[in-house]
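# Architecture and fold: a report
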Amino acid sequence: MTETNRLNTYEGGCHCGAVRFRVLANPEQDQVSDCNCSMCRKKGFLHLIVPPEQFTLVSGEEMLTTYTFNTGVAKHTFCKICGIHGFYRPRSHPHMIDVNVRCLDENVLSQFRVVPFDGVNWEENIHSLRSAEEVIEGQGVKGKG
Ligand SMILES: [Zn+2]
């Protein structure tokens, strides 16, 4: 576990303000992934992956709708009013929450180290984002999404 006393609190949300959330992260430890896959490239999603206990959906649960494709493991939630994808459950870590650093309030992106992730070649590269245990658990899941 990360040391909770090193965690900063960040507030964020969608564009229209219906969906609001709070996330705890340690910018010194938690790196942000910039994925080039078909989905993230178009969304401009910058991934900050945190355990669910570090994420609170403050408002707008009823405004969220979900897009799935390919394996259907990733639940791409977004605001049905303004269409912004502030967070979702990623295929790489289905038990975690993946927050879009671009949707945090103010420009906090510069606090984090952004690392490119080659999601076009997801199968070959996913090990770089996961622990060995998670890779074994995720075996047999094929294709992006
Ligand atoms: Zn919205």
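Overview of the structure. What you see is a predicted model, and the numbers here were worked out from it, not measured in a lab.

Scanning the protein for helices and strands turns up 3 helices and 10 strands. Its helices and strands taken in sequence order, the protein reads β-β-β-α-β-β-β-β-β-β-β-α-α from the N to the C terminus. The 145 residues of the protein split such that 30% are buried. Considering only contacts in the protein between residues 6 or more positions apart, those separated by 24 or more positions represent 61%.

Relative to the helices and strands, Asn 8 resides in strand S1 (residues 8–13). Measuring from C-alpha to C-alpha, the distance between Asn 8 and Leu 24 comes to 5.4 Å, with 16 residues separating the pair along the chain. Leaving out residues up to four positions away in the same chain, Asn 8 has contacts with Ala 25, Asn 26 and Pro 27.

On to the pairing of strand S9 (residues 97–100). The two faces of S9 match: Ile 97 and Val 99 on one face and Asp 98 and Asn 100 on the other face are all buried. With 4 bridges connecting them, strand S4 (residues 46–50) and S9 associate as antiparallel partners. When the sheet's bridge partners are listed, Val 50 is paired in S9 with Ile 97. With 2 bridges joining them, strand S8 (residues 87–88) and S9 adopt antiparallel strand pairing.

Another aspect to go through is the sheet that holds S8. Spatial strand order, S8-S9-S4-S3-S10: 5 strands in an open sheet with mixed pairing. The open sheet terminates on both sides in strands that have one partner only, identified here as S8 and strand S10 (114–117).

Here the focus is the nonpolar core. In terms of nonpolar packing, the biggest core is built from 25 residues, with Val 23, Ala 25, Leu 48, Val 50, Phe 87, Val 99 and Val 101 touching the most fellow members. Only strand S2 (20–25), strand S3 (32–35), S4, strand S7 (76–79), S8 and S9 provide two or more residues apiece to this core. Other than its neighbours up to four places away in sequence, Ala 25 contacts Leu 7, Asn 8, Tyr 10, Asp 30, Leu 48, Val 50 and Gln 54.

With burial as the criterion, only one face of S2 is covered, namely that bearing Phe 21, Val 23 and Ala 25; the residues Arg 20, Arg 22 and Leu 24 on the opposite face remain uncovered. One ladder, built from 6 bridges, connects S1 with S2; its direction is antiparallel. Note on S2: the bridge partner recorded for Tyr 10 is Val 23. Hairpin connection from S1 to S2: 6 residues lie between these consecutive antiparallel strands, with Gly 17 at a positive phi of about 95°.

What follows deals with the sheet that holds S1. Spatially, the 3 strands line up as an open sheet ordered S1-S2-S5, and their pairing is antiparallel. With partners counted over all chains shown, the strands left at the sheet margins are S1 and strand S5 (55–59), one partner each. Averaged over all adjacent pairs, the angle separating strand axes in this sheet is 25°, with direction ignored.

A positive phi angle, close to 50°, is found at Asn 70, a residue other than glycine. In this structure, Asn 70 sits in the loop between strand S6 (64–67) and S7. Phi is positive for Glu 106, close to 60°, though the residue is something other than glycine. As for its placement among the helices and strands, Glu 106 is situated in the loop between S9 and S10. A residue is classified by how many C-beta atoms lie within 10 Å of it, and Glu 106, with 8 of them, is exposed.

Quick notes on the rules
Residues numbered from 1 in each chain as written. Predicted model: local features only at pLDDT ≥ 70, side-chain atom pairs only at ≥ 80, totals over all residues. Helix = DSSP H or I, 4+ residues; strand = E, 2+ residues; numbered from the N terminus. Buried ≥ 20, exposed ≤ 12 C-beta atoms within 10 Å, placed from the backbone. Contact = placed C-beta atoms within 7 Å. Pairing = 2+ DSSP bridges. Core = buried A, V, L, I, M, F, W, Y, C linked by C-beta atoms within 7 Å. Axes fitted to C-alpha atoms, helices over the stretch in contact; angles between N-to-C directions.

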